[in-house]
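# Understanding the architecture of this molecule
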Amino acid sequence: MYVAAEGVEHHPLVPIWQELVIGTIAFALLCFVLLKFVMPRMEAMYQARVDAIEGGLKRAEAAQAEANQLLEQYRAQLAEVRTEAARIRDDARADAESIRTEILAKAREESDRIIAAGRDSLAVERQTIVRELRAEVGGLAVDLASRIVGESLADEARRKGTVERFLTDLESAGAR
C-alpha cells in the first residue's frame, strides 16, 4: 500500500482517515437521530394511516350493512304501503258498489212510489170520470126515455134510482 508522507501530496483514491472517522460518527449520529426520533413518528403515522384505512373500511362495511338494513326496511314498508293502498282501494270499490246499490234501491223505491201515486191518481180520475159519465148518461137516458115514453120523468129521486139500476145492470152484464 502506498502511504502518503507529510508534505507529499495525497493520493485521490485513498481516503483520509480523519474524514472516515468524522463521516462514521456523523453517520452513526444520523442513524441514532433517525431511529430515535424520526422512525417512531413515521411508524406512528404509518400505524395511524393503517388504522384510518382499516377503520374506514370497517366504517364503510358498517355503513353498507346499515344501508342494506335500511333498504330492506324501506322495501318492507313499501310492500306494507302497497298492501294498505290495495286494501283502501278495495274498500273504496266496495263502498262505491254499496252506495251504487243503495242509490239504485232508492231510485227503484222512488219510481215504484211515483208509479203507485200515478196509478192511484189514475184510479181516482177514472172514478171521477165514471161518476161524471154516469150522471151525464143518466141525464141523457132520462131525456131519451121521456121522449120515448112521452111523460116527464122529472122526479129526481125516481130518475136517479132508475139510472143507477140501469147502470148496475149494465155493469153486471158486462162482467159476465
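Residues numbered from 1 in each chain as written. Predicted model: local features only at pLDDT ≥ 70, side-chain atom pairs only at ≥ 80, totals over all residues. Heavy atoms only, no water.

## Topic: the overall build of the chain
Within the chain one finds two helices and zero strands. Taken over 176 residues, the chain has a buried fraction of 3%. Entry remark: accessible area of the chain is about 15,700 Å², with carbon and sulfur atoms responsible for 62%. (Helix = DSSP H or I, 4+ residues; strand = E, 2+ residues; numbered from the N terminus. Buried < 20%, exposed > 50% of the residue type's maximum accessible area, 1.4 Å probe, protein only. Areas by Shrake-Rupley, 256 points an atom, 1.4 Å probe, with all protein chains shown as cover.)

## Things to note about the pattern of salt bridges
For the coordinates displayed, the defined rule picks out seven salt bridges. Several salt bridges share partner residues, and in doing so they unite Glu 84, Arg 87 and Asp 91 into one network. (Salt bridge = Lys/Arg side-chain N within 4 Å of Asp/Glu carboxyl O.)

## Some remarks on the UniProt feature "coiled-coil region" (unreviewed entry) in the chain
Within this structure's numbering, the places UniProt gives as "coiled-coil region" (unreviewed entry) are residues 53-91. Taken end to end, residues 53-91 has its terminal C-alpha atoms 55 Å apart, with 100% of it in helix and 0% in strand. (UniProt positions renumbered as here; feature names shortened; annotations may be inferred.)

## Looking at the UniProt feature "transmembrane region" (unreviewed entry) in the chain
As annotated in UniProt, the feature "transmembrane region" (unreviewed entry) corresponds to residues 20-39 in the numbering used here. What you have in residues 20-39 is 100% helix and 0% strand, and the ends, taken at the C-alpha atoms, are 26 Å apart.

## Quick look at a nonpolar patch on the surface
Nonpolar side chains collect at one region of the surface, where Leu 29, Leu 30, Phe 32, Val 33, Leu 34, Leu 35, Phe 37, Val 38, Met 39 and Met 42 lie side by side and expose about 960 Å² of accessible area between them. With respect to the helices and strands, Phe 37 occurs in helix α1 (residues 17-149). Exposure remark for Phe 37: the relative accessible area of 52% places this residue in the exposed category. (Patch = residues over 30% accessible without salt bridge, like charges linked within 9 Å, V, L, I, M, F, W, Y side chains within 5 Å.)

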